Amino acid sequence: NAGVTQTPKFQVLKTGQSMTLQCAQDMNHNSMYWYRQDPGMGLRLIYYSASEGTTDKGEVPNGYNVSRLNKREFSLRLESAAPSQTSVYFCASSTLPGHNYEQYFGPGTRLTVT
Amino acid sequence: LAKTTQPISMDSYEGQEVNITCSHNNIATNDYITWYQQFPSQGPRFIIQGYKTKVTNEVASLFIPADRKSSTLSLPRVSLSDTAVYYCLVGAPYGGATNKLIFGTGTLLAVQP
């Protein structure tokens, strides 16, 4: 039982390049989330998926797109990377959406945009 | 969504009990209080959750007074490995609150030998 896995662990992009961050969970959770964490700051929600087939914007969605490929996988895409998107990205999942349900986090992807 | 306020940092020594208080004056009737722990270079980890009074598990206790406008996370006999950032979250079940999941800056607990 791997929990929540994320790939890649590290990535360096040039401004304007695109990439997709992958996330998968094997806990049969319905809800999945993408957060970003900037140095010295808390986590900010980018997008979430309450259940398979649905996605909604979080606090900071601009510059990102997501795909809930199936129940297990939730990807985050940067179409045209900008230096302001340099951050650590965390994926999480929970049985159901909302604060009542424990979120399980992946190890993070450290992204640098130059 | 109820805004939370926590101390930015706290210091402690090994073996002491640590209490971290979170203020949430605008907590709503349906809101629960949840605490997460985050070590450097790792994702947050769920510690404890409660609605009122006291909740205890194998790692911590959560005290919530009757008015629910604050809560206190209590870590008994901390060790060096408890050095981490602790986040307090307040929110309701899905029904519009999910898009406002906000961790805030948390409290950096530094445990010294």
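Below, the structure is looked at part by part. All figures in this text were calculated on a predicted structure; none of them were measured in a lab.

**Observations concerning the interface of chain A and chain B**
Next up, step 1: Taken together, the contact pairs 26 residues of chain A with 26 residues of chain B.
Next up, step 2: Summed over the shared surface of chain A and chain B, the result is zero salt bridges.
Next up, step 3: In this structure, the connection of chain A to chain B is made through three residue pairs in polar contact (both at pLDDT 80 or more).
Next up, step 4: Mapped by element, the contributors of at least two residues to the side of chain A that touches chain B are strand 4 (31-37), strand 5 (43-49) and strand 6 (56-57) of chain A.

**Here's the deal with the side chain of Ser75(A)**
Residue and element names in this part refer to chain A.
Next up, step 1: Relative to the elements of secondary structure, Ser-75 occurs in strand 8 (residues 74-78).
Next up, step 2: For Ser-75, a relative accessible area of 8% translates into the label buried.
Next up, step 3: In this view, Ser-75 contacts Thr-20, Leu-21, Gln-22, Trp-34, Asn-65, Val-66, Ser-67 and Leu-69; residues no more than four positions away in its chain are not counted.

**Examining the packing of aromatic side chains**
Next up, step 1: Throughout the structure, instances matching the rule amount to six aromatic pairs over all chains.
Next up, step 2: On the numbers, 6.1 Å between centres and 85 degrees between planes, the contact of Phe105(A) with Tyr36(B) is edge-to-face. Pair noted here: Phe105(A) is in strand 10 (residues 104-105) and Tyr36(B) is in strand 3 (residues 32-38), and the two residues belong to different chains.
Next up, step 3: On the basis of an interplanar angle of 85 degrees and a centroid distance of 5.8 Å, the ring pair of Tyr36(B) and Phe46(B) is categorised as edge-to-face.

**As for the sheet that holds strand 4 (residues 45-50) of chain B**
Residues and elements named next belong to chain B.
Next up, step 1: Spatially, five strands are ordered 1-9-8-3-4 in an open sheet, and the strand pairing comes out mixed. The sheet terminates laterally at strand 1 (9-13) and strand 4, the two strands that pair on one side only. Ignoring which end each strand starts from, the neighbouring axes of this sheet average 25 degrees apart.
Next up, step 2: Sheet analysis places strand 3 next to strand 8 (residues 84-91), joined by seven bridges and oriented antiparallel. Within the sheet, the bridge partner assigned to Gln-38 lies in strand 8 and is Val-85.

**Some points on unusual backbone geometry**
All names here are of chain A.
Next up, step 1: In this structure, the amide linkage connecting Thr-7 to the following residue, Pro-8, adopts the cis form with an omega of -10 degrees.
Next up, step 2: Mapping Pro-8 onto the fold places it in the loop between strand 1 (4-7) and strand 2 (10-13).
Next up, step 3: The phi angle at Asn-28 is positive, at roughly 60 degrees, despite the residue not being glycine.
Next up, step 4: The residue Asn-28 is located in the loop between strand 3 (19-25) and strand 4 in this model.
Next up, step 5: Relative accessible area serves as the criterion here: at 56%, Asn-28 is assigned to the exposed category.

**Considering the layout of surface pockets**
Next up, step 1: Size it by volume and the largest pocket reaches roughly 440 Å³.
Next up, step 2: Together, 24 residues line the largest pocket, and Gln37(A), Asp38(A), Pro39(A), Gly40(A) and Met41(A) are the ones closest to its centre.
Next up, step 3: Counting only elements with at least two residues in the lining of the largest pocket, the list comes to strand 9 (87-94) and strand 11 (109-113) of chain A together with strand 8 of chain B.
Next up, step 4: Split into classes, the residues belonging to the lining of the largest pocket amount to eleven nonpolar, eleven polar and two charged.

**Here we look at the sheet that holds strand 7 (residues 70-75) of chain B**
All names here are of chain B.
Next up, step 1: Ordered in space as 2-7-6-5, the four strands form an open sheet in which the pairing is antiparallel. The open sheet terminates on both sides in strands that have one partner only, identified here as strand 2 (18-23) and strand 5 (53-56). On average, each strand axis in the sheet is tilted by 15 degrees relative to the strand beside it, whichever way the strands run.
Next up, step 2: Where strand 2 and strand 7 come together, six bridges link them in antiparallel fashion. Bridge pairing in strand 7 links Asn-19 to Ser-74.

Rules and cut-offs
Along each chain, the written sequence defines residue order, and numbers are assigned to residues from 1. Whichever chain is written first is A, and whichever ligand is written first is 1; the rest continue in order. With pLDDT at 70 or above as the cut-off, local features in this predicted model cover only qualifying residues; side-chain atom pairs require 80 or more to be listed or tallied, and sums for whole chains, interfaces and linings still use all residues. Hydrogen atoms and water are omitted, and side-chain values are computed over all heavy atoms in the structure. Here, two residues are considered to be in contact whenever any of their heavy atoms come within 4.5 Å of each other. In the sections that follow, a salt bridge refers to a side-chain nitrogen of Lys or Arg positioned within 4 Å of a carboxyl oxygen of Asp or Glu. Polar contact criterion, stated in full: a pair of N or O atoms within 3.5 Å, where within protein one must be able to donate a hydrogen and the other to accept it, and residues adjacent in sequence count only if both atoms are side-chain atoms. Only DSSP runs of H or I with at least four residues qualify as helices, and only runs of E with at least two residues qualify as strands; both kinds are numbered from the N terminus onward. A 1.4 Å probe rolled over the protein chains alone gives each residue an accessible area, and that area as a share of the maximum for its type sets the label: buried under 20%, exposed over 50%, partly exposed in between. The rule is short: rings of Phe, Tyr and Trp, with Trp giving its six-membered ring, pair when the centres are within 6.5 Å, and they are stacked under 30 degrees, edge-to-face over 60, tilted in between. Here a strand pair is declared whenever DSSP counts at least two bridges between the two strands. Axis lines are fitted to C-alpha atoms, over the contacting stretch for helices. Their N-to-C directions set the angle, which ranges from 0 to 180 degrees. With a 1 Å grid spanning the protein atoms alone, the term cavity applies to any set of points in which a 1.4 Å probe fits but cannot get out, the term pocket to an open set with protein on both sides within 12 Å along at least five of seven lines, and the term lining residue to any residue with an atom within 4 Å of a point. Grid points are joined across faces, edges and corners, and a volume is the space filled by probe spheres set on the points. Residue type decides the class: Asp, Glu, Lys and Arg count as charged, Ala, Val, Leu, Ile, Met, Phe, Trp, Tyr, Cys and Pro as nonpolar, and the leftover types, Gly among them, as polar.

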